[in-house]
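Chain and residue survey
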Amino acid sequence: MTPTLDGKVAIVTGGASGLGLGIVRRFVDAGASVVIADIDAAGRQLAGECGGRARFERVDVSSAEDVSAVVDAAVRHFGGLDVMVNNAGISSTMHRSFLQADLSDFAKVMSVNVLGVMLGTREAARYMAGHDGGSIINVASIGGLQAGGGVMTYRASKAAVIHFSRSVATELAPLGISVNCLAPGGVPTPILASSVPGLAPEAVDKFVQKTREKMRRDRPLPLEGTPEDVGEAALYFAAATRTAGMVLAVDGGTSARESA
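The name recorded for the protein chain in an unreviewed UniProt entry is SDR family oxidoreductase, from Mycobacterium helveticum.

The following block contains the structure:
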């Protein structure tokens, strides 16, 4: 039986591109009305492609005022809020060695990746608690499950999202609010290239190609994940009524191999 979101209202932060775009499209296909919450104005075009089933709102997820406002906008324009997907996230800068890391982007990464998730969860839950509950889905990464080098602040932020999601799930479940977490890995999106700012375009392309090849070698399933795959996983949590505190890796088995 295909899950349906007929009559449901969802917010997807970071919904203008990457994983968020895949989630938005899957939710609309499943019957939901979706608010695309993003700082990227490309979300306006995506909303237009979805017709009257989607609406774009410019949102900085690290701003409590913006996050509160987008919940109000969903209620005002679509009549409620049933599903909140806290997907917006940024990478930290890639370093060859942690000894050379200046941690200058720590506050920004944490404010988006961790505070943004916490604000989205809180504001959505405040509404849902008085309106028959709902589903909150926080998007982390297998970088928060696996140890590894390179982008330490990013990994730390995603580990925080996972632990926060499991912890808050225990508090919100009695209110009829399910909180679950997705941990994608190896899905091609623009975030990888953003971890090497300042490189020439050809150097960025080489870095992305080399990293993607390593991800393919590490992945047991010989299929590369897509944003649509993540959208399918998000749909499962959005439609489920008896899951809470789960962390679902969408990574072709990569994290299973690493933990074996």
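**Digging into the packing of aromatic side chains**
Counting across every chain of the model gives one aromatic pair. Their ring planes at 50 degrees and their centres at 5.3 Å tell us that tyrosine 236 and phenylalanine 237 sit as a pair that is tilted. Judged by its relative accessible area of 41%, tyrosine 236 falls in the partly exposed class. Accessibility expressed as a relative area gives 0% for phenylalanine 237, which makes it buried.

**A short note on the sheet that holds strand S1 (residues 9-13)**
With respect to topology, seven strands assemble into an open sheet ordered S3-S2-S1-S4-S5-S6-S7, the strand pairing being parallel. At either end of the open sheet lies a strand with only one pairing partner, and these are strand S3 (54-58) and strand S7 (247-250). For this sheet the average axis-to-axis angle between neighbouring strands, irrespective of direction, equals 20 degrees. The pairing of S1 with strand S2 (residues 33-38) spans five bridges and is classified as parallel. Bridging from a neighbouring strand, valine 9 pairs with serine 33 of S2. Against the sheet, helix H5 (residues 152-172) contacts strand S5 (134-139), strand S6 (177-184) and S7, and its axis sits at roughly 160 degrees relative to S6.

**Describing the environment of glycine 22**
Tracing the sequence through the fold places glycine 22 in helix H1 (residues 18-29). Separated by 212 residues in sequence, glycine 22 and alanine 234 place their C-alpha atoms 9.6 Å apart. Contacts of glycine 22, omitting those with residues within four sequence positions, involve Pro227, Glu228 and Gly231.

**Let's talk about the pairing of strand S4 (residues 83-86)**
Residues Val83 and Val85 of S4 are buried on one face, and the alternating residues Met84 and Asn86, pointing to the opposite face, are buried as well. With three bridges joining them, S1 and S4 adopt parallel strand pairing. The residue bridging valine 12 from the neighbouring strand is valine 85, located in S4. The sheet contact formed by S4 and S5 spans four bridges and is parallel. Each bridged residue has a counterpart across the sheet, and for asparagine 86 the counterpart in S5 is asparagine 138. Crossover handedness for the path S4 to helix H4 (residues 106-128) to S5: right-handed.

**Brief notes about the pattern of salt bridges**
Applying the stated rule across the entire model yields five salt bridges. Between glutamate 232 and arginine 26 there is a salt bridge, and its shortest N-O distance comes to 2.7 Å. Here glutamate 232, found in helix H7 (residues 227-239), pairs with arginine 26, found in helix H1; they are 206 residues apart in sequence, far enough to count as distant. Across the salt bridge formed by glutamate 123 and arginine 126, the nearest N and O atoms sit 3.1 Å from each other. Taken as a pair, glutamate 123 and arginine 126 lie in helix H4 at a separation of three residues, close to a single helical turn. Within this structure, Arg122, Glu123 and Arg126 form a network of salt bridges that share partners.

**What about the nonpolar core?**
In terms of nonpolar packing, the biggest core is built from 31 residues, with Ile23, Val24, Phe27, Val34, Val85, Ile137 and Leu182 touching the most fellow members. For this core, the secondary-structure elements that each account for two or more residues are S1, H1, S2, helix H2 (42-49), S3, S4, S5 and H7. In this structure, isoleucine 137 is in contact with Phe27, Val83, Met84, Val85, Asn86, Asn180, Leu182, Ala234, Phe237 and Ala238, ignoring residues within four places of it in sequence. In terms of nonpolar packing, the next biggest core, distinct from the first, is built from 29 residues, Val59, Val71, Ala74 and Ile162 among them.

Here is what the cut-offs are and how they apply
Residues numbered from 1 in each chain as written. Predicted model: local features only at pLDDT ≥ 70, side-chain atom pairs only at ≥ 80, totals over all residues. Heavy atoms only, no water. Phe/Tyr/Trp six-rings, centres within 6.5 Å; stacked < 30°, edge-to-face > 60°. Buried < 20%, exposed > 50% of the residue type's maximum accessible area, 1.4 Å probe, protein only. Pairing = 2+ DSSP bridges. Helix = DSSP H or I, 4+ residues; strand = E, 2+ residues; numbered from the N terminus. Axes fitted to C-alpha atoms, helices over the stretch in contact; angles between N-to-C directions. Contact = heavy atoms within 4.5 Å. Right-handed = clockwise from strand over helix to strand, strands pointing away. Salt bridge = Lys/Arg side-chain N within 4 Å of Asp/Glu carboxyl O. Core = buried A, V, L, I, M, F, W, Y, C linked by side-chain atoms within 4.5 Å.

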